Amino acid sequence: MFPTPIEKRSRGAQITYQALVPFALIMWLLPLLAVALFSMRPLADFTNGNYWGVPSSFEFFTNYGKVFFESDMPRYMLNSVLITVPTVIGAVALSCMTGFALGIYRFRGNLLIFFMFIAGNFVPFQILMVPVRDLTVSAGLYDTKLGLVLFHIAFQTGFCTLFMRNFIRALPYELIEAARVEGVAEWRIFWYVVLPLMKPAIAALSVLIFTFIWNDYFWAIVLTQGPDAQPVTAGITSFNSQFVAQYHLMSAGSIVAALPPVAMFFLMQRHFIAGLTLGAVK
Amino acid sequence: MTTAHSDLSWVRRNRMTLTPLLFLLPGVLFFMVYVIIPIGQSFNISLYEWDGLGEATYVGLENYRELTGDRAFEISLWNNVKWLALYLLAIPAGLLIALFLNQTITGIRLYKSLFFFPFVLSQVVVGLVFSWFYLPNVGLFDIITGWFGIDVRGGILGNPNTATYGIIAAGLWPQTAYCMILYLTGLNAVDPEQIEAGRLDGAKGWRMLWHVILPQLKPATFIAFVVTIIGALRSFDLISIMTNGGPFGSTRVLSFYMFEKALSEYGFRMGYGSAIAVVLFLIMLVFIGYFLWSMYQDEKAARR
């Protein structure tokens, strides 16, 4: 059932298809469109039961203004940034190194270490929860951004290593051999030969890890509490209990919380998809 | 002077061993401390009764014995099975949308990214969006089903018979988007000559899909399988946000029940929680084992 290219079909089929795609899209995004609509309504609409009719007034700026200026939302957002960005840098840096070691060198245990990273990347979080929380508490890092960052770096190194190692494997090995013949030191090969070639992989991973970490909820509630360190995914629940049943503000809050990874995706789409579909095409 | 010189040459002689070792060290160390060792520790803690603060008492396999008679554990396990089975629907659904969108019309790139968009949202936001979508009486879902005369008592999420399915449907939304993008990329790489050859041989419809297209999409299908199964067993955020395990504990899954037992107001039973986590881990291990095995086969084939 591989569809015939639409340009080879009849004019009628083409027009039907062109109408069908936007319609399907609207159905697909319906829950989201509903929330976007909620976030522009005044409170009065909800108390009057006007959930789906025409908004009685357009309150976009009031609602989003409230989210930004009358709640803890900006603090949570800042926490998210301060957790996500260091994690991305840390995990990408570590995995450039591990990926280089596993992708270039042949030694006993190479595949074993590689598979350890992959397997660890798949384990359920719950098997790590009690010991990691314990470790974080005893290191005095409970309810700090650093505690969360350290764990995220460690865990994401698993996935990043898988990614980087496979990417490096696909590079032309002759380049490295040529450099060795020239007598270039190994660390210089990493820095001057391999690293520049890894730029697309680094870009793809950064965008992907940014999204993963920004959207993390489980570790946020296990390792932090309160607005000092909690990222926005965890903060949104306290935000919602502050504005309980005020759907216009809750919707605006969720949209704000979701925005950074969405923006990241639309700006860096090519890298993002390259990262996600790694290995999907040989 | 001579020792310094021989030191240097020792480093030089062994640089092919030392370099990878040094490059691996920080990453492996981090991963050991935060991932590998905790797995062992969890196994150990599951043999104790421990509140997380005081003295831990060794109880042997008592926690596991308690699990066998725990009704809530049974419900959670059963819900995990439902999650696994239904979550896999994301794969054919994603393929279907990918086939639908695999055309060239103006703006198709934008359409593709908008279809993919739910995957970028955090599960927390997806959970909130869907819990409002499902609101009884005023939610869009209830209104639309109302047109067809269907009325779920207490709303989808308020009814113990439907709540889990409601949450799984919410989870399928981003997961289908993910599978779709995997297949769209896969379809880009499909060899047009083979399709042409298939057409000449009279392959049409399902036969074309099954015999010509799907074999070429195998790598995409494999990844879709891996991420969907992992995603199904990791489900936590949606449950926590949409129902918090309710109504009457009917939407708990192992990952959520474990959290409840170990960290929430239901008590700090670290040992019991760890026992639940171990069970979840062992279930996952079956799949991890399979994934690693098939990756190992690929590795062996690709040895240079």
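Worth saying up front: this structure is predicted, and the values here are computed from it rather than measured.

What follows is about the overall build of chain A. For chain A, the count of helices and strands is 15 helices and 0 strands. Scaling as 2.2 N^0.38, a compact globule of 282 residues should have a C-alpha radius of gyration of about 19 Å, whereas chain A reaches 24 Å, well beyond that. Seen along its three principal axes, the alpha-carbon backbone of chain A occupies a region of about 80 × 65 × 30 Å. Residues counted as buried form 45% of the 282 residues belonging to chain A. Taking contacts inside chain A between residues at least 6 apart in sequence as the whole, the part at least 24 apart equals 78%.

Before going further, it helps to spend a moment on the interface of chain A and chain B. Every contact between the two is made by 79 residues of chain A and, on the other side, 80 residues of chain B. The residue makeup of the side of chain A that touches chain B, split by class, is 61 nonpolar, 15 polar and 3 charged.

Before going further, it helps to examine the UniProt feature "transmembrane region" (unreviewed entry) in chain A. When the UniProt feature table is mapped to this numbering, "transmembrane region" (unreviewed entry) covers residues 20-40, 81-104, 111-129, 149-168, 189-214 and 247-268 of chain A. As a span, residues 81-104 of chain A carries 100% helix and 0% strand, and end to end its C-alpha atoms are 34 Å apart.

A few words on the UniProt feature "domain: ABC transmembrane type-1" (unreviewed entry) in chain A. Mapped onto this structure's residue numbering, the UniProt feature "domain: ABC transmembrane type-1" (unreviewed entry) falls at residues 77-268 of chain A. Split by type, residues 77-268 of chain A is 80% helix and 0% strand. Its first and last C-alpha atoms lie 20 Å apart.

With that settled, consider unusual backbone geometry. With a phi angle near 60°, A:Asp143 is a residue other than glycine that sits in the positive phi range. Examined against the element boundaries, A:Asp143 turns out to sit in the loop between helix H7 (126-138) and helix H8 (145-169). A:Asp143 gets classed as partly exposed once you count the C-beta atoms within 10 Å, which come to 16. Residues other than glycine seldom take positive phi values, yet B:Asn244 does so here, at roughly 55°. As for its position among the elements, B:Asn244 is in the loop between helix H13 (237-242) and helix H14 (254-263).

This paragraph deals with the confidence of the model for chain B. Mean pLDDT for chain B: 88, with 96% of residues reaching 70 or above. Per the prediction output, this complex has pTM 0.90; the corresponding ipTM is 0.89.

Turning next to the confidence of the model for chain A. Overall, the prediction assigns chain A a mean pLDDT of 88, with 97% of residues at 70 or greater. Between the elements of chain A, mean pLDDT differs from a low of 80, seen in helix H15 (residues 269-276) of chain A, to a high of 94, seen in helix H5 (residues 73-104) of chain A.

Core analysis: the largest hydrophobic core is formed by 160 residues, its most contacted members being B:Met180, B:Ile276 and B:Leu280. Once residues within four sequence positions are removed from consideration, B:Leu280 is found in contact with A:Pro124, A:Gln126, A:Ile127, B:Leu233, B:Leu254, B:Ser255 and B:Met258.

Before going further, it helps to examine the UniProt feature "transmembrane region" (unreviewed entry) in chain B. Residue and element names in this part refer to chain B. The UniProt record annotates "transmembrane region" (unreviewed entry) at residues 21-40, 83-102, 114-135, 163-187, 208-232 and 271-293. Taken as a whole, residues 21-40 contains 100% helix and 0% strand, while its terminal C-alpha atoms sit 24 Å from one another. Regarding residues 271-293, the helix share stands at 100% and the strand share at 0%, and the terminal C-alpha atoms are separated by 32 Å.

Take the packing of helix H6 (residues 110-122) of chain A against helix H2 (residues 15-45) of chain B next. Close contact between H6(A) and H2(B) brings their axes to 11 Å; oriented N to C, the two are set at 40°. On the basis of the axis angle, H6(A) is oblique to H2(B). Considering only the axes of H6(A) and H2(B), their crossing is left-handed. Contacts between H6(A) and H2(B) involve A:Ile113, A:Met116, A:Phe117 and A:Gly120 on the former and, on the latter, B:Leu24, B:Val28, B:Phe31, B:Val35 and B:Ile36. Its residues assigned to classes, the contact of H6(A) with H2(B) shows 8 nonpolar, 1 polar and no charged.

Here we take up the environment of B:Thr145. All names here are of chain B. Tracing the backbone shows Thr145 in helix H8 (residues 140-147). Residue Thr145 is classed as partly exposed on the basis of its C-beta count, with 14 C-beta atoms lying within 10 Å. C-alpha separation for the pair Thr145 and Leu114, spaced 31 residues apart in sequence, amounts to 26 Å.

All names here are of chain A. Helix H11 (residues 199-214) packs onto H5 with a crossing angle of 140° between their chain directions and a minimal axis gap of 9 Å. Between H5 and H11, the angle falls in the class oblique. The two elements H5 and H11 cross, and the hand of that crossing is right-handed. Taken together, the residues of H11 that come into contact with H5 (itself represented by Ser80, Ile83, Thr84, Thr87, Val88, Ala91 and Val92) are Ile202, Leu205, Ser206, Ile209, Phe210, Ile213 and Trp214. A per-class count over the contact of H5 with H11 returns 10 nonpolar, 4 polar and no charged.

Attention now goes to the environment of A:Ala19. With respect to the helices, strands and loops of the structure, A:Ala19 is situated in helix H1 (residues 11-28). Sequence separation between A:Ala19 and A:Ile83 is 64 residues, and the spatial gap between their C-alpha atoms is 43 Å.

Calculation rules
- Residues numbered from 1 in each chain as written.
- Chains lettered and ligands numbered in written order.
- Predicted model: local features only at pLDDT ≥ 70, side-chain atom pairs only at ≥ 80, totals over all residues.
- Helix = DSSP H or I, 4+ residues; strand = E, 2+ residues; numbered from the N terminus.
- Rg over C-alpha atoms; globule rule 2.2 N^0.38 Å.
- Buried ≥ 20, exposed ≤ 12 C-beta atoms within 10 Å, placed from the backbone.
- Contact = placed C-beta atoms within 7 Å.
- Nonpolar A, V, L, I, M, F, W, Y, C, P; charged D, E, K, R; others polar.
- UniProt positions renumbered as here; feature names shortened; annotations may be inferred.
- pLDDT = per-residue confidence, 0-100.
- Core = buried A, V, L, I, M, F, W, Y, C linked by C-beta atoms within 7 Å.
- Axes fitted to C-alpha atoms, helices over the stretch in contact; angles between N-to-C directions.
- Parallel < 35°, antiparallel > 145°, perpendicular 65-115°, else oblique.
- Left-handed = near helix turned anticlockwise from the far one by under 90°.

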